[in-house]
Amino acid sequence: MNKKNKKVRVGLIGLGEQMLDNLLPSILLTNKCEIISLCDISELVLKEMGEKLHVENLYSDYAKMIIKESFDIIFVASTPEVHYNVIKLCIENKIAVFVEKPPVRNILELKNILELNSQNILIGVGMNFSYSDSHNSIIELINDKDFGKLSSITIEHLSSKPIEPFWNFDSIIESFLLAQLIHPLDYLLRMGGKFSKINVFCSKNIQPFFLSVVIEFENGIVGHIKSGSFYPRFRHQIEITSENGNIINVDDLSKAEVTTKNIDLPFNINPNKCNIISHKSPLKSGYSSAGYSNEVTNFLKSYLENIPFETNLKSMINTYYALTEIHEKILKITTPLEQCIISN
């Protein structure tokens, strides 16, 4: 039977907030998946979600689940260590896998996975910003012939965490890079291309932590990320400027605004020379407008039609090289006392 004419047999690993609030609703919305098995370390969560989803095959050991059950795709949202091990098992058992960010801990693990995947098993990485509604508006604007060549991209990505190490790490900095900075960094690198130079400026203390990263790209684009764990809520803003002086501003993945000096541009510019070109509908859920729904739909399409998925492991190489360089430069700036604190 053709893949397109049957339900995709799916297993879920990690029933935490990211899975239950974002990925699971997106999976269910596609109406193309049959969830046949669940895995989580919490027996209470397993029992509750098994009853809710009418799934009887429940596991606390993901290795047993992968070996025993028959899957087309596994979705996993857990720790980098679990992601790494699940990806390897999926490669061994020829199962497509969609893994939430961060997919692995470091560039060495990433390279190892790519070497193991000689049969090109489909491996997708959940980088939802690249699938958000606002991103679609950005791409439409910058592809307009009158917008002009990209000149600079600035992203402000702020949060209030981490205040302690994640995922059994012994470093708050490493946790911050993989939990927070990976989002805007991957997005910036996909927009800018291959980077030639990275400059890092940050606070000497890490609680709270202030970080500024300036990236020069080989094509002349300059990127800037302002990030840190000092803001009381999540805040994500993007400003994109062209050589023509046209500017796109995106606010928290919900509103995109274009500003221009040239009122002849085909953007419906009002007398104030700016125009809201995209605004989040009150009917749209967070997992939809933030890109989770689009990325899951696109991943299923990649599986069913045997076509590449944009945010795959190989596409993350540039991001992990940049993360490594940024990490090394941060450690040279933070004080020895702070480095001692994060290692204990």
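Scroll up to find the structure.
These lines cover the structure that appears in this document, whether it is placed above or below. (Residues numbered from 1 in each chain as written. Predicted model: local features only at pLDDT ≥ 70, side-chain atom pairs only at ≥ 80, totals over all residues. Heavy atoms only, no water.)

### Points about helix 5 (residues 107–116)
Formally: Only protein chains enter the accessibility calculation, which uses a 1.4 Å probe. A residue is then buried if its area is under 20% of the maximum for its type, exposed if over 50%, and partly exposed in between. Each helix corresponds to a stretch of at least 4 residues labelled H or I by DSSP, and each strand to a stretch of at least 2 residues labelled E; elements are numbered beginning at the N terminus. When we speak of the arc, we mean the arc of directions from the helix axis to the C-beta atoms. Here a residue-residue contact requires only that any non-hydrogen atoms of the pair lie within 4.5 Å. What qualifies as a polar contact is a pair of N or O atoms within 3.5 Å, subject to a donor-acceptor requirement within protein and to the restriction that residues adjacent in sequence count only when both atoms come from side chains.
Restricting attention to buried positions, one finds in helix 5 the residues Ile107, Glu109, Leu110 and Ile113. Projected down its long axis, helix 5 shows its buried positions confined to an angular sector of 160°, all on one face. Within helix 5, the exposed residues directed more than 90 degrees away from the buried face are Leu108 and Glu115. In this fold, the buried residues of helix 5 make contact with helix 4 (80–92), strand 6 (123–126) and helix 10 (317–333). Capping the start of helix 5 is the job of one residue whose side-chain oxygen sits 3.2 Å from the backbone nitrogen of Leu108: Asn106.

### Quick notes on the nonpolar core
This is how the line gets drawn: Among buried residues, the Ala, Val, Leu, Ile, Met, Phe, Trp, Tyr and Cys ones that are joined through side-chain atoms within 4.5 Å form a nonpolar core.
Ranked by internal contacts, the top residues of the largest apolar core, which has 102 residues, are Leu12 and Phe75. It is helix 7 (residues 172–192) that contributes the most residues to this core, 12 residues altogether.

### Observations regarding the side chain of Arg235
As for its position among the elements, Arg235 is in strand 11 (residues 235–242). In this structure the side chain of Arg235 is engaged in a polar contact, spanning 2.5 Å, whose partner is the side chain of Glu156. Beyond its immediate sequence surroundings of up to four residues, Arg235 is in contact with Glu156, His157, Leu158 and Asp252.

### Brief notes about the side chain of Glu109
This is how the line gets drawn: When charges are tallied, Lys and Arg are placed among the positive residues and Asp and Glu among the negative ones, while His and the ends of the chain are skipped. When a carboxyl oxygen of Asp or Glu is within 4 Å of a side-chain nitrogen of Lys or Arg, the pair counts as a salt bridge.
Positionally, Glu109 belongs in helix 5. For the buried Glu109, no salt bridge is present, and the opposite-charge side chain at shortest range is Arg105, 6.3 Å distant. A distance of 2.9 Å separates a polar side-chain atom of Glu109 from the backbone nitrogen of Arg105. Those residues in contact with Glu109 that lie beyond four places of it in its chain are Tyr84 and Val104.

### Some remarks on the pattern of salt bridges
Charged atoms that come close allow side chains of opposite charge to pair. This model, assessed by the stated rule, comprises nine salt bridges. The salt bridge partner of Glu156 is Lys226, with a shortest N-O separation of 3.3 Å. With Glu156 in strand 7 (residues 150–158) and Lys226 in strand 10 (residues 222–228), this residue pair connects regions lying 70 residues apart in the sequence. The salt bridge partner of Glu325 is Lys329, with a shortest N-O separation of 3.1 Å. Of this pair, Glu325 and Lys329 both sit in helix 10, separated by four residues, roughly a single helical turn. A relative accessible area of 25% means that Glu325 is categorised as partly exposed. Taking relative accessible area as the criterion, Lys329 reaches 27% and is therefore assigned partly exposed.

No statement about biological role is implied by the geometric values presented.
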